[in-house]
Amino acid sequence: MGGHLLVIRHGEAEGNSDHRFIGQADVPLSDMGRGQADAVGAHLAHRGVTRVIASDLRRAIDTALPLANRLGLAVEVDPRLREILNGDWAMHLPEEVKAGWPDLWARYQAGEDVQRPNGERWADVGVRVREVLDELADSPTGVTAIFAHGGPTLWATYWALGMRLDVSLFHGPLHPASNASITSIALPGPKLESYNETGHIPSDLAPQSDLLPFMR
C-alpha cells in the first residue's frame with residue numbers, strides 16, 4: 001500500500017520581504033501570504049489529501065487552514081516541523097547579524113553549519129524533521145499535506161533523495177523552496193516526484209525573490 005507526502009512551505013510571512021532571520025518567531029502571514037494560502041488550499045483540494053499536519057507556528061497553521069477547512073479536516077500540529085531556532089539572531093536583518101557576530105557570520109557565509117547563539121544548527125532541524133517523516137513513512141497510506149518552512153522543506157527533499165549534508169542547508173545543491181510551493185514525495189521509497197511546484201499560484205501572488213542563502 002502506498003501513499004504521498006505533499007510538503008508545502010508556508011505563504012509569505014511578515015518579515016520575509018525584509019529578509020529577516022525569522023526562524024521560530026511566531027509572525028503572521030502577510031496579505032500576500034494569505035492569498036497564497038487560499039491558492040494552495042484551492043489547488044490541493046483536488047489532490048486527494050486525507051490528512052493535514054503543520055508546524056505549530058501560526059504562519060504554517062494559517063497556510064494549512066484553507067485546505068483543511070475545504071476538506072473538513074483538522075490541522076494536526078507538530079512542533080518538530082518548526083523552522084530553525086535562530087536564538088540571538090531572531091528577527092535581525094542580515095546586516096545586523098553581520099555587524100553583531102562578524103566572525104560567526106563569515107563562517108556562516110562560507111557555508112559552515114554554524115550554531116546560532118542560543119539557537120540551533122541546520123543539522124538539528126534535520127534530526128527532528130526526519131523523525132516526523134520516518135514515522136509517516138512507516139504507515140504510507142493516503143495523501144498527507146505537511147505545512148512547514150523553508151528549512152524543513154529542504155530537509156524533506158534531501159530525505160526523499162537519501163542525501164545528508166555536512167554544510168549549511170542553504171549551501172546545498174538545491175535552490176530554496178518558494179513561499180507556498182509544493183514538493184511531492186511518493187511512499188514507499190521515499191521517492192521525490194516534484195520539488196518547488198508554484199504553478200498553482202496566480203501571477204499577482206507570485207513568491208518574491210527572498211531566497212538567497214544568507215537570508216535565512
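Everything discussed here concerns the structure shown above.
Residues numbered from 1 in each chain as written. Predicted model: local features only at pLDDT ≥ 70, side-chain atom pairs only at ≥ 80, totals over all residues. Heavy atoms only, no water.

K.L.:
Can you walk me through empty space enclosed by the protein in this structure?
P.N.:
Over the atoms, a rolled probe matching the size of one water molecule traces out where space is still vacant. For the structure shown, the criterion picks out two cavities of 30 Å³ or more. Empty space within the second largest cavity amounts to approximately 30 Å³. Lining the second largest cavity are Val7, Leu81, Val129, Leu133, Ile146, Ala148, Pro152 and Ala156. Counting only elements with at least two residues in the lining of the second largest cavity, the list comes to α5 (122-138), β4 (142-148) and α6 (150-161). Class assignment of the residues belonging to the lining of the second largest cavity gives a composition of eight nonpolar, no polar and no charged. (1 Å grid on protein atoms, 1.4 Å probe; cavity = no way out; pocket = protein on both sides within 12 Å on 5 of 7 lines; lining within 4 Å. Points joined across faces, edges and corners; volume = space filled by probe spheres on them. Helix = DSSP H or I, 4+ residues; strand = E, 2+ residues; numbered from the N terminus. Nonpolar A, V, L, I, M, F, W, Y, C, P; charged D, E, K, R; others polar.)

K.L.:
How should I be thinking about the pattern of salt bridges in this particular structure?
P.N.:
Side chains that carry opposite charge are capable of pairing whenever their charged atoms lie near each other. Overall, the coordinates contain 11 salt bridges when judged by the stated rule. A salt bridge links Glu76 to Arg51; the shortest N-O distance between them is 2.9 Å. Of this pair, Glu76 sits in strand β3 (residues 75-77) while Arg51 is found in strand β2 (residues 49-54), placing the two residues 25 residues apart along the sequence. Residue classification places Glu76 among the partly exposed residues on the basis of a relative accessible area of 32%. Because the salt bridges share partners, they merge into one network encompassing Asp78, Arg80, Glu131 and Glu135. (Salt bridge = Lys/Arg side-chain N within 4 Å of Asp/Glu carboxyl O. Buried < 20%, exposed > 50% of the residue type's maximum accessible area, 1.4 Å probe, protein only.)

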